[in-house]
Amino acid sequence: MPRVPTPSWRCLPALLLGSALLALPVAFARAPEAPAPVAGTSVHDAALGRPQGAAIASAHAEATAAGMAVLRAGGNAFDAAVAVSATLGLVEPESSGLGGGGFFLLRRASDGHTVFIDARERAPLAATRDMYLDPATGQPKPRATIDGALAAAIPGQPAALVHVAENFGRLPLRESLAPAIRLAERGWRFGEKNLAMLGWRKEALRADPGAAALFLVDGEAPRLGARMRNPDYAATLRLLAEYGHDGFYRGPMAQRLVDAVRAAGGIWTLDDLAQYRVVERRPLVFQHRGMSIVTAPPPSSGGIALAQTLQILDGYDWAAKNPTQRLHLRVEAMRRAYRDRAVYLGDPDFVTVPVERLVHPAYAAGLRAGIHLQRATPSDLLPGIAALPERPDTTHFSIVDAEGNLAAVTQTVNLPFGNAMVVPGTGFLLNNEMDDFSIKPGVPNAFGLVGKEANAIEPGKRPLSSMTPTLVIGPERVAVIGTPGGSRIISMVIQALLDFEAGADARAIVAAPRLHHQYLPDHILVEPGSLDPAIRAALEAKGHTVKEETRSWGNMQVVIWHRADGRTEAGADPRWEAVGKGATSEAGGIFR
Ligand code: DON
């Protein structure tokens, strides 16, 4: 892969001042869709030092173990990312898998090169803007973007595994995929989280013979702890190991997928699969209180919203603010960032996203000027369009290896168990990522998010995402952060960054009670029992509506590397411990 000159991180302010073009705290460029890798950014000091050991945080102990095994076998963080990703697709099928997509944000220690590998699903080439609307009424057809073949976009996950292994890894795919292949053949244990999510999707899974055969026992959920074998999944991974990209996107697998999707009413073609490529994009990079934040560019909305929110907050004397004032300002900043998400953001290969403007400090200053220190701004007063509810699927993992390579990966099939369709013989579910498009201006998707033209369906376009894998490179500590949670991903990552900045460790960051606001609906959501009654009353006195959710949300995975002594730590979200040892309880392993 191309190497680019690496300016010293400490020289960055001088470089930025020296160039009008670069006089923005954010570096971003559009990258054309192309199979060949393009240069990423190298804005940080290549030599961050070396950790004492590696750390992996993932949503499942088996996936963390697979990553550790690959590190022990001589792989780097990127080989481990392939192993963790492929294993999560097996043991957490409700959240991500070969039929879905994701974002791999990587930083290579040897030269400081950072790259955002966009393996987001694409709309089929035969997709049309109004394909989910009833021609007679003009209204959305019920569940058409949720269940079944028409809901599925063209998967990007297999292409990502091959691309990461070939361009960044050290081991052949055969080795990095070996733990997942073994586990698929021997069987894995059906856990609490699997069971909880399956409960929500049982009817849809029943309706598809392939999915029912793989995930149900006589039409019912498997019992907790049941051994789940998936030899078809192992066979699909072997195809990738043996034939690389083409093992999935051409030949018998492609034919099998297209035939089954079309027979079930979908519109995929062989061309759709043959044309699929990951896109290497420049990460969005900005400075925040002495730290470099490296995060997701479009087609994710996350990085821009993160940059906007933090730049608005940068204008306040944060240390002087009490907890209520901080929460008030955070909510007001997020309200404005989520509004812009709905209006401006979409696939940068199809629409012009005004990234530079949105993340410019002057724009943040303008937004800040509209914030009243004592009063909430009703969202109705901000021009824009509306927006919520939520299911905890999707998955994120964070890795630092002993050389200092970093991987932040968020991957998904969208709603739990994706579109609930398994093409027989493949071993994986297809996604329902088409639901992330704005199928009609103003009509909210499953996360209550609305959009406009920028995120309308077009053939080959990637739907707008909220997934926000993020690297934080500070003078003393480096963090790798991310989480599932649909529209709430962004507010969780914002909170994690503020907590990291305040000195919290990995476990404290992932365990912290969560608070969310997404512009519309116009209320602050808090996790059950998490907000001090006095602070709640103070927020309400400022005009905020505070709503306590019935359930907690998110599944955040964080690793931290202390640059002074090389120590590493991992924090796996404890929220799923309550429902199963199979989920996060052992996932934050550290390998030395
Ligand atoms: O890309 C997105 O923003 C969504 N497809 C992510 C879905 C998600 O995080 C679901 N988890 N609660």
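Before reading further, recall that the structure is shown in the block above.
Read on for an overview of the structure. Bear in mind that the values here come from a model prediction, so they are computed numbers and not experimental data.

Thresholds, definitions, all that
- Residues numbered from 1 in each chain as written.
- Predicted model: local features only at pLDDT ≥ 70, side-chain atom pairs only at ≥ 80, totals over all residues.
- Heavy atoms only, no water.
- Pairing = 2+ DSSP bridges.
- Helix = DSSP H or I, 4+ residues; strand = E, 2+ residues; numbered from the N terminus.
- Axes fitted to C-alpha atoms, helices over the stretch in contact; angles between N-to-C directions.
- Contact = heavy atoms within 4.5 Å.
- Core = buried A, V, L, I, M, F, W, Y, C linked by side-chain atoms within 4.5 Å.
- Buried < 20%, exposed > 50% of the residue type's maximum accessible area, 1.4 Å probe, protein only.
- Salt bridge = Lys/Arg side-chain N within 4 Å of Asp/Glu carboxyl O.
- Expected span 1.5 Å × (residues − 1).
- Parallel < 35°, antiparallel > 145°, perpendicular 65-115°, else oblique.
- Left-handed = near helix turned anticlockwise from the far one by under 90°.
- Nonpolar A, V, L, I, M, F, W, Y, C, P; charged D, E, K, R; others polar.
- Patch = residues over 30% accessible without salt bridge, like charges linked within 9 Å, V, L, I, M, F, W, Y side chains within 5 Å.
- Areas by Shrake-Rupley, 256 points an atom, 1.4 Å probe, with all protein chains shown as cover.
- Lys, Arg positive; Asp, Glu negative; His and termini not counted.
- Charge placed at Lys NZ, Arg CZ, Asp CG, Glu CD.

1. So, the sheet that holds strand S16 (residues 557–562)
Strand order in the open sheet formed by six strands is S7-S8-S11-S12-S16-S17, and the pairing between neighbours is antiparallel. Looking at which strands have only one partner, the edges of the open sheet turn out to be strand S7 (284–288) and strand S17 (568–572). Strand after strand, the sheet turns through a mean of 15 degrees between neighbouring axes, direction not considered. Two strands pair when backbone bridges link them, and S7 and strand S8 (residues 291–295) are joined in this way by five bridges, in the antiparallel orientation. Bridge pairing links Phe286 to Ile293 in S8. Taken strand by strand, helix H13 (residues 302–314) contacts S7, S8 and strand S11 (470–473), and its axis lies near 15 degrees from that of S7. Sheet strands touched by helix H17 (residues 488–501): S7, S8, S11, strand S12 (477–481) and S16. Its angle to S12, the strand with the most contacts, is close to 165 degrees.

2. Here we look at the nonpolar core
Among the nonpolar cores identified, the biggest contains 82 residues, and Ile304, Leu306, Val472, Ile481, Ile509, Met556 and Val558 are the most heavily contacted of them. Sequence-distant contacts of Val472, defined by excluding residues within four places in its chain, comprise Met291, Ser292, Ile293, Arg477, Val478, Ala479, Ile481, Leu497 and Phe500. Listed in part, the 79 residues of the second largest apolar core include Phe190, Ala254, Leu257 and Trp576.

3. Considerations on the pattern of salt bridges
A complete count under the given rule lists 30 salt bridges for this structure. For Arg462, the salt bridge is made with Asp118, and the minimal N-O distance between the two is 3.1 Å. Both residues of the pair, Arg462 and Asp118, belong to the buried class. Note that Lys202 is salt-bridged to Glu220, the shortest N-O span being 3.1 Å. Taken together, the residues Lys202 in helix H7 (residues 192–206) and Glu220 in the loop between helix H8 (209–215) and strand S5 (227–228) connect sequence positions 18 residues apart. Several salt bridges converge on common partners, so that one network encompasses Asp118, Arg281, Asp349 and Arg462.

4. Points about the pairing of S16
Burial analysis of S16 places six of its six residues in the buried class, the great majority of the element. Neither face of S16 is left uncovered, since the one carrying Gln557, Val559 and Trp561 and the one carrying Val558, Ile560 and His562 both have all their residues buried. Across four bridges, the pairing between S12 and S16 is antiparallel. Note that in S16 the partner of Arg477 across the bridge is His562.

5. Concerning helix H11 (residues 251–263)
Side chains that are three or four residues apart share a direction in an α-helix, a result of its 3.6 residues per turn. Between the first and last C-alpha of H11 there are 18 Å, a value that for 13 residues agrees with the 18 Å anticipated at 1.5 Å per step. Within H11, burial applies to Met253, Ala254, Leu257, Val258, Ala260 and Val261. Taken together, the buried residues of H11 touch helix H9 (231–243), helix H10 (245–249) and helix H12 (270–275). At the exit of H11 stands Gly265, carrying a positive phi of roughly 95 degrees.

6. Observations concerning the packing of helix H14 (residues 323–344) against H17
Where H14 contacts H17, the two axes come as close as 11 Å, and the packing angle between them is 140 degrees. Taken together, the axes of H14 and H17 are oblique relative to one another. Taken as a pair, H14 and H17 cross one another with a handedness that is right-handed. Two secondary-structure elements touch here, H14 through Arg330, Met334, Tyr338 and Arg341 and H17 through Arg488, Ile490, Ser491, Ile494, Gln495 and Leu498. In terms of residue class, the contact of H14 with H17 is made up of five nonpolar, two polar and three charged.

7. Digging into a positive patch on the surface
A cluster of basic side chains, namely Arg189, Arg223, Arg227 and Arg229, defines a positive patch on the protein surface. Structurally, the position occupied by Arg227 is in strand S5. Residue Arg227 is classed as partly exposed on the basis of its relative accessible area of 38%.

8. Digging into helix H4 (residues 157–167)
For H4, a buried count of nine out of eleven residues is recorded, marking the element as mostly surrounded by other parts of the structure. Buried residues of H4: Gln157, Pro158, Ala159, Ala160, Leu161, Val162, His163, Val164 and Ala165, and no others.

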